[in-house]
Amino acid sequence: MKPKGGRLSTDCPVEFPTIISGFSDEVKARKQASQGQHLDAYQPKSPESRHRRQRSSSFVNGKCRNRDAPFADDKNSPSLNGQGVGIENLPRQRELLNAKNGIHFTLMVAGQSGLGKTTFINSLFSASLIDEGIKEDKPIVRYKSVIEGDETHLRLSVIDTPGFGNNMDNAFTWRTMVNYIDEEIRSYIFQEEQPDRTKMIDDRVHCCLYFLKPTGKGIDTLDVVTMKKLATRVNLIPVIAKADLLTKDELRNFKTEIREIIRVQDISICYFFGNHVSNATQDIFQQYPFSIIASNEYVLNDKGEKVKGRQYKWGTVDIENEKYCDFKILQKTLFDWHLIDLVETTEEYYEKCRSEMLRTRLLKARDCLTTNSVELTEKQKKFLQEEMNFEDIEENKLKNYKCYEIINKAIMDKVATEWDPEFITRQLEAKRKFNELSNREICKFRDWKRSLFMEQENFNQEIEELNHKLENLQLECQDLEYKLLIGKSANNHSTDSATLVNVHVKR
Ligand SMILES: Nc1nc2c(ncn2[C@@H]2O[C@H](COP(=O)(O)OP(=O)(O)OP(=O)(O)O)[C@@H](O)[C@H]2O)c(=O)[nH]1
C-alpha cells in the first residue's frame, strides 16, 4: 500500500506500514488462495478473533477480492449461464461496491498539549503525516492522505488539535473541537441539498482518541468536561499517553481509576456503537483506556532486532510489544476490527442530526412569521402562512423542502452561534457587567442628588435666616424713622394729629 497526499513524506525511513495489518494479511492470503494455497492460512484462530475478522470483512474482503473471479462458490446456489446470480451474492456485490468507492475515515486526536499526539499519529502510520517541525498555528488542523490498496483506497484524514489547553482561561477550549465536529455535520447536510452531489466533501469525524496525562492520579477537570462534550458527538476512545512514565502497578491502578471516573461522570465510550455492535463495544471496553507509548525512531531491542521504540539509559521499549503497550492493539481496533463500525455508526448519528436539523429549520420558519427574526419576502411569507402545516410537519411532504430553502445554511449558522454556550455565557457576562456598571452609576447619581438636596436645604436655611435678619433690620429702621418723626413734632409744637395716627397705623 502506498500513501498519497501532500503531507506524507516520501523519504519515510521505513517501508510503509502495515497500517491496516489485517487488511494486508488478508490481501496476502487471498493471493495465496488464488495461487492454490489454502485460505485457512489467514483464518484467525480464536472464535473471538474470527468474529472480529468477520466484522471487518465487508471492507476487507471487498478490497481484496479478484473482480474477475465468479462470486457464488456454492454449487447449490441459483445460477444463470453458469454464473452465480443468487441473492447470496448480493453482500459480495455490496463489498465490491464498497471496495470500488473506497472508504473515507476521519480520526481526531485530542488532549492537552505535549502529550505526544503528533508522535503517535506519525508512528501509527509510520510516516511523517504531521510535520513535527512546522506546526500550523491553528487550534484545529486537518491532514489528508490517501492510502491505496490493491483494489481499493482509504481516504484518511487526521485532525490534530495542537496547543489544546494552553490558554490562561480554558473554560471554553473544548468548544473549538465541538464546533468543528458540529460544523462538519452541518456542512454535509447542506451539501446533500445541492443539485450536484458528485463533488461532496465528507469531513465528518468518525473517531476521537482522547489523550490523558500519565499522572497516575485522576483526570483534569478540563479533560473531563471536554470528553463529556465530545462523547455525545463522536466515537470517543480515551488513551493514556506516554505510558512509559508509569510503572506496571501504577498503570493498572490508573486504568481502574480512569474507568471509574468515566463511569461516575457518565462519559460514553464509543457511544454510537450502542448495542447493535455489542461485540465491538466489548473489544474496546476490555481495553480502554489504551495505554500507549509513541515513537518515530527505530532502536535495537535486547535481541538485537530493529524495532520502533524509545531508547532510555536503562534499555529500550518496543512500542509494538503488547506486553506493556497497547499501541498495536489500538491500531488493530481502529483499522482491522472496527473501521467499518466507526464509519457506519457515525453515519447513523449523522442521520439523527439531519432529521433533527430539518425539524429545527421548519420550526424556525414558523417562528419567523411572528418574530420577524429573518427577513422574508412577501411571497415567502404567503407561502409559509398559507401552504405550510406546522402542526403536522409530515403532512407537508415535499413542500418542506421549499421551507428548508428559506431557512438556509447562513441562517442556521447564525442560530448555531446564538445557541453556542460560549456565546450565551459571554452574553450573560456582558449583561452582568453592564448591570453592575449601571447600578454603580445609579448609586453615584443618587448620592450626588442627595448631597445637592442637602446643599439646597442649607442654602434655603441661610436665605431664610438672611430674610429674617433683613426683616429685623427693616423694623429697626422703621422704629428709628418713627422716633425721628416724634422728635421733630415735639420740637415744632404743631403736631398734626392725622399724621401721628397714620404713623401708628403703619407700625
Ligand atoms: N516519554 C515519552 N515521550 C513521548 C511519547 N510520545 C511523545 N513523546 C515526546 O513528547 C514530546 C511532545 O510530543 P508531541 O507529539 O509534539 O506532542 P503533541 O501532543 O502533538 O503536542 P501539541 O502539538 O503541542 O499539542 C516530544 O518530545 C515527544 O518525543 C511517549 O510515549 N513517551
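Residues numbered from 1 in each chain as written. Predicted model: local features only at pLDDT ≥ 70, side-chain atom pairs only at ≥ 80, totals over all residues. Heavy atoms only, no water.

- As recorded by an unreviewed UniProt entry, the protein chain carries the name SPR3-like protein and is attributed to Saccharomyces kudriavzevii.
- Recorded in UniProt under Subcellular location (unreviewed entry), the annotation for the protein chain is "Bud neck". (UniProt positions renumbered as here; feature names shortened; annotations may be inferred.)

1. A closer look at the overall build of the protein chain
Okay, step 1: A count of helices and strands for the protein chain gives 15 helices and 12 strands.
Okay, step 2: Scored against the burial criterion, the 507 residues of the protein chain give a buried share of 42%.
Okay, step 3: Put simply, 69% of the contacts in the protein chain that link residues at least 6 apart link residues at least 24 apart.
Okay, step 4: Counting only carbon and sulfur atoms, one obtains 51% of the accessible surface of the protein chain, whose full area is about 30500 Å². (Helix = DSSP H or I, 4+ residues; strand = E, 2+ residues; numbered from the N terminus. Buried < 20%, exposed > 50% of the residue type's maximum accessible area, 1.4 Å probe, protein only. Contact = heavy atoms within 4.5 Å. Areas by Shrake-Rupley, 256 points an atom, 1.4 Å probe, with all protein chains shown as cover.)

2. With respect to the confidence of the model for the protein chain
Okay, step 1: Chain-level pLDDT for the protein chain is 78 on average; 77% of the residues reach the 70-or-more range.
Okay, step 2: The lowest-confidence element of the protein chain is helix α2 (residues 47–64), averaging 38 in pLDDT; the highest-confidence one is strand β7 (residues 207–212), averaging 95.
Okay, step 3: Confidence over residues 1–74 falls short of pLDDT 50; this stretch has 134 contacts with residues more than four positions distant or in other chains.
Okay, step 4: Here the prediction assigns the complex a pTM of 0.70, and the interface score ipTM is 0.97. (pLDDT = per-residue confidence, 0-100.)

3. Here we look at unusual backbone geometry
Note: most residues except glycine have negative phi, and most peptide bonds are trans.
Okay, step 1: Phi at K242 is positive, roughly 45 degrees, even though this residue is not glycine.
Okay, step 2: When you line up the elements, K242 lands in the loop between β8 (235–240) and α7 (248–264).
Okay, step 3: Accessibility expressed as a relative area gives 35% for K242, which makes it partly exposed.
Okay, step 4: The phi torsion at K397 lies on the positive side, around 45 degrees, for a residue other than glycine.
Okay, step 5: With respect to the secondary-structure elements, K397 resides in the loop between α11 (378–387) and α12 (399–406).

4. A look at the nonpolar core
Inside soluble globular proteins, nonpolar side chains tend to come together where they are buried.
Okay, step 1: One finds F105, F120, L209, L230 and L334 to be the most contacted residues of the largest nonpolar core, which totals 76 residues.
Okay, step 2: The contacts of F120, once residues within four sequence positions are left out, are L209, F211, I292, A294, F327 and L330.
Okay, step 3: The next biggest cluster of nonpolar side chains, apart from the first, holds 27 residues, and it includes C368, V374, L376 and M388. (Core = buried A, V, L, I, M, F, W, Y, C linked by side-chain atoms within 4.5 Å.)

5. Here's the deal with the pattern of salt bridges
Okay, step 1: Using the criterion set out here, one finds 23 salt bridges in the structure.
Okay, step 2: Taking the shortest distance from any N to any O, the salt bridge between K199 and D196 comes out at 3.9 Å.
Okay, step 3: On the basis of relative accessible area, K199 is assigned to the exposed category, the value being 67%.
Okay, step 4: Classification of D196 as partly exposed rests on a relative accessible area of 44%.
Okay, step 5: Among the ionic pairs, D220 bridges to K213, the shortest N-O distance being 3.0 Å.
Okay, step 6: For K213, a relative accessible area of 30% gives the class partly exposed.
Okay, step 7: Each of E183, R186, K409 and D413 takes part in a single network of salt bridges with overlapping partners. (Salt bridge = Lys/Arg side-chain N within 4 Å of Asp/Glu carboxyl O.)

6. Regarding the sheet that holds strand β12 (residues 315–318)
Okay, step 1: With respect to topology, three strands assemble into an open sheet ordered β10-β11-β12, the strand pairing being antiparallel. Looking at strand neighbours, the two that pair on one side only are β10 (298–300) and β12, the edges of this open sheet. On average, each strand axis in the sheet is tilted by 65 degrees relative to the strand beside it, whichever way the strands run.
Okay, step 2: Pairing geometry for β10 and strand β11 (residues 306–312), over three bridges, is antiparallel. Each residue of the ladder has a partner; that of Y298, found in β11, is K308. (Pairing = 2+ DSSP bridges. Axes fitted to C-alpha atoms, helices over the stretch in contact; angles between N-to-C directions.)

7. Quick look at the environment of V109
Okay, step 1: Looking at where V109 falls in the secondary structure, it is placed in strand β4 (residues 103–111).
Okay, step 2: Residues V109 and F120 lie 11 residues apart in sequence; the distance between their C-alpha atoms is 9.3 Å.
Okay, step 3: Leave out the neighbours within four places in its chain, and V109 touches K117, I121, I159, D160, T161, L209 and F211.

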